[in-house]
Amino acid sequence: MRWIRIAVVGVFVLAAASAALAGSLASPRGDTDPAAVSDPPDLTATAEIRRMFMKPGQVAIAVTNHGDAPVRVIGVELVTESFAPLGIQEFDVEVPPSVNARDMITKYGEARCPDGAATTAEPASVNLRVATEDQAEHTVTLELSYPNGTLDRLVREACAAQAVAASARIELGELTAAADGTLEGRLNVTPLGDAVLDVTDVRGSVLFEIHPGASEPEGGGVSVPLVFDAHRCDGHVVGDAKHPFGFTAWIVIDGSEPVASPLEVPEAQREALWAMLDARCAGQE
């Protein structure tokens, strides 16, 4: 009878093991209930230019949350053939449900300019890495409008800068004080090859006025006499100016349409301009 008892015990052990296996298959440990994971949030995005807060090579990706709960943006990537890719850029910005967008100031790579300064932007999208209230992370791809005026402008500016950099050396010369307290100097534009150059205009910034004279041939290029004066003396304007030396020259290359080009202001000229601003504004008090 002993062998019968052994067989009975074996049957019970086998049945218990089978029940345990069935239970583990029915309710696997560590699995997340799919119903507990949120859906991707309802977002839209646009590309914007916010001049007060941006540096060259940046665009504001404005994200609007059309859902019912806040969303935290933890990564942004601009995807387009018009700019070299930079990959995902880290953020930590909460976007509440609202008709008002939140800006993500996002860098973009070097412009690709198949048509030179006349290049327009290719279609673009934005990859957003976001976290919802349940801490689930989602990657949301949003198409930007096309054609896109903002990206067209940024591409044109970047491609124009490339064209000017390849054709000309632009230098702001020494600044000297005039009898009336303003500063005088010259902008020198020298060709780097065979291009014929000219300057049609030079403009100042929120703090400094620039009054250009007529361009004059010099050394194969041109030279433009400039007079600098204080434009604004309001304390809050001076203190909050983001780009006090954001000067721009319009350069003509081989008779083409003038191209806007930012001017590099050496440190010595910056110090002279600050000193002039202090003196001119003190005289207005």
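The structure we're discussing is the one just above.
Residues numbered from 1 in each chain as written. Predicted model: local features only at pLDDT ≥ 70, side-chain atom pairs only at ≥ 80, totals over all residues. Heavy atoms only, no water.

## Examining the overall build of the protein
Consideration 1: Broken down by element type, the protein carries 4 helices and 16 strands.
Consideration 2: Out of the 285 residues belonging to the protein, those deemed buried represent 35%.
Consideration 3: A separation of at least 24 residues holds for 63% of the contacts in the protein among residues at least 6 apart in sequence.
Consideration 4: For the protein, the exposed area adds up to about 16,500 Å²; of that, 53% sits on carbon and sulfur atoms. (Helix = DSSP H or I, 4+ residues; strand = E, 2+ residues; numbered from the N terminus. Buried < 20%, exposed > 50% of the residue type's maximum accessible area, 1.4 Å probe, protein only. Contact = heavy atoms within 4.5 Å. Areas by Shrake-Rupley, 256 points an atom, 1.4 Å probe, with all protein chains shown as cover.)

## Thoughts on the state of the cysteines
Consideration 1: Within this structure, the stated rule accounts for 2 disulfides.
Consideration 2: With its sulfur 2.0 Å from that of its partner, cysteine 113 forms a disulfide with cysteine 159. Measuring the twist about the S-S bond at about -90°, one finds the cysteine 113-cysteine 159 disulfide to be left-handed. Taken as a pair, cysteine 113 in the loop between β5 (102-107) and β6 (124-131) and cysteine 159 in helix α2 (residues 149-167) lie far apart in primary sequence, 46 residues in all.
Consideration 3: Here cysteine 159 falls in the buried class, since its relative accessible area comes to 2%. (Disulfide = S-S within 2.5 Å.)

## Side note on α2
Consideration 1: Across its 19 residues, α2 extends 27 Å between first and last C-alpha, which sits within 8% of the 27 Å expected from 1.5 Å per residue.
Consideration 2: Regarding α2, the residues found buried are Thr150, Leu151, Asp152, Leu154, Val155, Cys159, Ala160, Val164 and Ser167.
Consideration 3: Sitting at the head of α2, asparagine 148 places a side-chain oxygen 3.1 Å from the backbone nitrogen of threonine 150. (Expected span 1.5 Å × (residues − 1). Polar contact = N/O pair within 3.5 Å; in protein donor to acceptor, adjacent residues only side chain to side chain.)

## Quick notes on the pairing of strand β16 (residues 259-262)
Consideration 1: By the alternation rule, side chains of β16 split into Val259 and Ser261, which are all buried, and Ala260 and Pro262, of which none is buried.
Consideration 2: In the sheet, strand β15 (residues 248-253) pairs with β16 via 4 bridges, with the strands oriented antiparallel. Across the sheet, the residue bridging to isoleucine 251 is valine 259, located in β16.
Consideration 3: Counting the residues that bridge the hairpin from β15 to β16 gives 5 residues, and of these aspartate 254 lies at a positive phi of roughly 55°. (Pairing = 2+ DSSP bridges.)

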